[in-house]
Amino acid sequence: MWESVVRRPLRLLKTAPRELWLVYVLKALDSYGYFALSEVFTMLLSDEFGVSDTVAGAVYGGWGTAITLYGILTGTLIDAMGVRTSLVASYALQTASRLVLVYTRSISLAYAVIFFVQPLASSWGAPVLTIAIKRLVRDADRTVSFGLFYAMMNVAALLSGFAIDALRLGLPRGISSDESSPLASPVRVVVLSTVATSLGALCVSWRFRDLPHRGDGGGGGVTVVTAGGVGAVSAWRTQCAENARGVLRNRRFWQFLAMAVFTLNLKQIFRHMDATFPKYAVRAFGCDAPFGSIYAINPAMIILGVPVVAAATPNVRHFDMIFRGGWITALSPFILAWSQTYAGACAFVTVLSLGEMVWSPRWYDYTMACAPPGKEGVFGALALAPVFAAKLPTGLLGGYLLQTHCPAAPGGDCPAPGRAAVNGGEGVDGVDGGEVGTRCDGRALWGTIGLVTLTSPVLIAVFHRWLRDSGDGDGETDGETGGGGDDDGFVRRAVVGGKTYERLERAEEDGGRTAGGGGVESDGDDSKIELAAMRASAAESSVR
């Protein structure tokens, strides 16, 4: 088993098509830009535009909410336009919007970019990479491929943490000797580095090719919108409406939507790492606090731990992994509330990471397992929705908690290079050894965050009986309530403990209660062929 930790990923990469390699490169470039911008986002607004903690938090939350709203609108657009077109458009917009953030001093222009252009770019491109993996790899390789995908994201996150400290602490006056230049700000230099990675991602996505979904050799009925006129637009609208109707009839969709909502508060802890922790670290530990390096503990552990967890738990259901790991992550903020020191901060990130390596990579696989073919864009957008929707309550709560329990100095946190942090308007030097500032109440701040985060596993536990079979199977016909001809039911397929079970269920008006009896274990090739035929029949009558 442990030998497969190395052998399986290497074998997958050795036999992978060129596009899978490009997916991993794009994920690394895109993730660096996202993490680096997120970690300095509220600092950029406060230090460069002079807004308060509460306003900066609200803007951070609005940014995430805008990404979620655009994601809902662009989900079907991704399915219609295809992989390559969506990627090119996304990274072109992303490069332009971040370049504006580097150089503008107009808060109005910055808000326009933050609320309109940047969210559209993020929501348009982010789900496409998970769709590409589903279409490029075999079902048996999905867990490993998504594990590698998640590892690449964390390689970029690791580099972003170290890059932020290197640029912020190593270049306290930026890269320009002209103090009036935007590039004299180290925070803007960090944003400039994200422009470079977005531009690189644009070049890589240009070399991509469109991918039909698996099981459809000719594009799967996906209509690509071209300049062909009214007919193409009408066909695209019809397809979007059919996709929406098919998704809403799917029981798995409602289970998945519930999980997406329930994990909202769980995922907000990662947003607090972006929006709340950097300001807290500077105010509690001093201007030289290496919050980027503390943050980097998380991706470092994920890089090392995810392949081990993936190899050790290939037969554990996605839902079970999400549920168990969620408890570990939810308890982590209480550590920092208890010990407001550098050691406490490192322990907080360590425990958070232990839980994340159990549940978070499975979220990608869980999403694609729930998604029927041709509807991955809608599910992919909904999968990412909690990540970005969590920004709104995170920004509002984090801004309020910082303003109330860990306020900035009247002149800003670090008005001059090398000056110690100032808390609550009084000159309070940072204390060596990581002792918290006298006016920064980390116990109230992180204790409140911990209580909010804990609601996620509690809600999943309450609805455990209804949710526990979600993510079993491949989403192709699960829960579809359609039917055609003499076919009054659909096949439910589940994979538990490495074995495949199937049963026939009737699509009744009350939501599809079970009509058929027991499951039939399917291990041999003949039964797999039979199962594939049944799936194809059900897909013909229900999914399409």
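Criteria and cut-off values
- Residues numbered from 1 in each chain as written.
- Predicted model: local features only at pLDDT ≥ 70, side-chain atom pairs only at ≥ 80, totals over all residues.
- Heavy atoms only, no water.
- Helix = DSSP H or I, 4+ residues; strand = E, 2+ residues; numbered from the N terminus.
- Buried < 20%, exposed > 50% of the residue type's maximum accessible area, 1.4 Å probe, protein only.
- Contact = heavy atoms within 4.5 Å.
- Areas by Shrake-Rupley, 256 points an atom, 1.4 Å probe, with all protein chains shown as cover.
- Core = buried A, V, L, I, M, F, W, Y, C linked by side-chain atoms within 4.5 Å.
- Polar contact = N/O pair within 3.5 Å; in protein donor to acceptor, adjacent residues only side chain to side chain.
- Disulfide = S-S within 2.5 Å.
- Phe/Tyr/Trp six-rings, centres within 6.5 Å; stacked < 30°, edge-to-face > 60°.
- Lys NZ or Arg CZ within 6 Å of the ring centre and 35° of its normal.
- Axes fitted to C-alpha atoms, helices over the stretch in contact; angles between N-to-C directions.
- Parallel < 35°, antiparallel > 145°, perpendicular 65-115°, else oblique.
- Left-handed = near helix turned anticlockwise from the far one by under 90°.
- Nonpolar A, V, L, I, M, F, W, Y, C, P; charged D, E, K, R; others polar.

Comments concerning the overall build of the protein
Then step 1. Counting its secondary structure elements, the protein contains 20 helices and 3 strands.
Then step 2. For the protein, the residues scored as buried account for 57% of the 544 residues in total.
Then step 3. Long-range contacts, defined here as pairs at least 24 residues apart, represent 78% of the contacts in the protein between residues at least 6 apart.
Then step 4. As presented, the protein carries roughly 21,300 Å² of accessible surface, and 62% of it is formed by carbon and sulfur atoms.

Quick look at the nonpolar core
Then step 1. Core analysis: the biggest nonpolar cluster contains 86 residues, and F277, Y280 and W446 have the highest contact counts within it.
Then step 2. A per-element tally of this core places helix α2 (residues 18–49) first, with 11 residues.
Then step 3. Counting 29 residues, the second largest nonpolar core, distinct from the first, contains M81, A89, V144 and V204.

A short note on the environment of A157
Then step 1. Secondary-structure assignment places A157 in helix α6 (residues 142–170).
Then step 2. Taking the C-alpha atoms as reference points, A157 and Y34, 123 residues apart in sequence, are found 8.6 Å from one another.
Then step 3. Among residues more than four places away in sequence, those in contact with A157 are F35, Y295 and P299.

With respect to the side chain of E19
Then step 1. Tracing the backbone shows E19 in helix α2.
Then step 2. The class for E19 is buried, based on a relative accessible area of 3%.
Then step 3. Among the polar contacts made by the side chain of E19, one reaches the side chain of R18 at a distance of 3.2 Å.

Description of the state of the cysteines
Then step 1. Tallying each qualifying case throughout the model produces 1 disulfide.
Then step 2. Between the sulfur of C406 and that of C440 lies a disulfide, 1.9 Å long from S to S. The S-S bond linking C406 to C440 shows a torsion near -90°; that makes this disulfide left-handed. Within this pair, whereas C406 is found in the loop between α17 (391–405) and α18 (442–462), its partner C440 is found in the loop between α17 and α18, the two being separated by 34 residues in sequence. Both residues of the pair, C406 and C440, count as buried.

Some points on the packing of aromatic side chains
Two measures describe an aromatic ring pair: the distance that separates the ring centres and the angle between the ring planes.
Then step 1. The final tally for this structure, using the stated rule, is 17 aromatic pairs.
Then step 2. An angle of 45° between the planes, with centres 6.5 Å apart, marks the rings of F277 and F348 as tilted. One end of the pair, F277, is in helix α11 (residues 277–285); the other, F348, is in helix α15 (residues 342–370), with 71 residues separating them in the sequence. For the residue pair F277 and F348, the accessibility class agrees, reading buried in each case.
Then step 3. The interplanar angle of 50° and the centroid separation of 5.3 Å between the aromatic rings of F348 and W446 together place this pair among those described as tilted. Taken together, the positions of F348 in helix α15 and W446 in helix α18 put the pair 98 residues apart, joining distant regions of the chain. A single burial state applies to F348 and to W446, both of which are buried.
Then step 4. One aromatic cluster in this structure is built from F277, Y280, F285, Y342, F348 and W446.
Then step 5. The aromatic ring of W206 is capped on one face by R84, whose charged end is 4.8 Å from the ring centroid.

Let's talk about the environment of R84
Then step 1. By secondary structure assignment, the location of R84 is in helix α4 (residues 83–103).
Then step 2. Distance from R84 to A132, taken between C-alpha atoms, is 9.8 Å for residues 48 residues apart in sequence.

Brief notes about the packing of α2 against helix α5 (residues 107–136)
Then step 1. Two elements in contact, α2 and α5, have axes whose closest approach is 11 Å; the angle formed by their N-to-C orientations is 155°. Between α2 and α5, the interaxial angle falls into the category roughly antiparallel. Our pair here, α2 against α5, has a crossing hand that is left-handed. Facing α2, whose interface residues are E19, L20, V23, Y24, L26, K27, L37, F41, L45 and F49, α5 presents I107, A110, I114, Q118, L129, A132, I133 and L136.
Then step 2. Of the residues in the contact of α2 with α5, the class split is 15 nonpolar, 1 polar and 2 charged.

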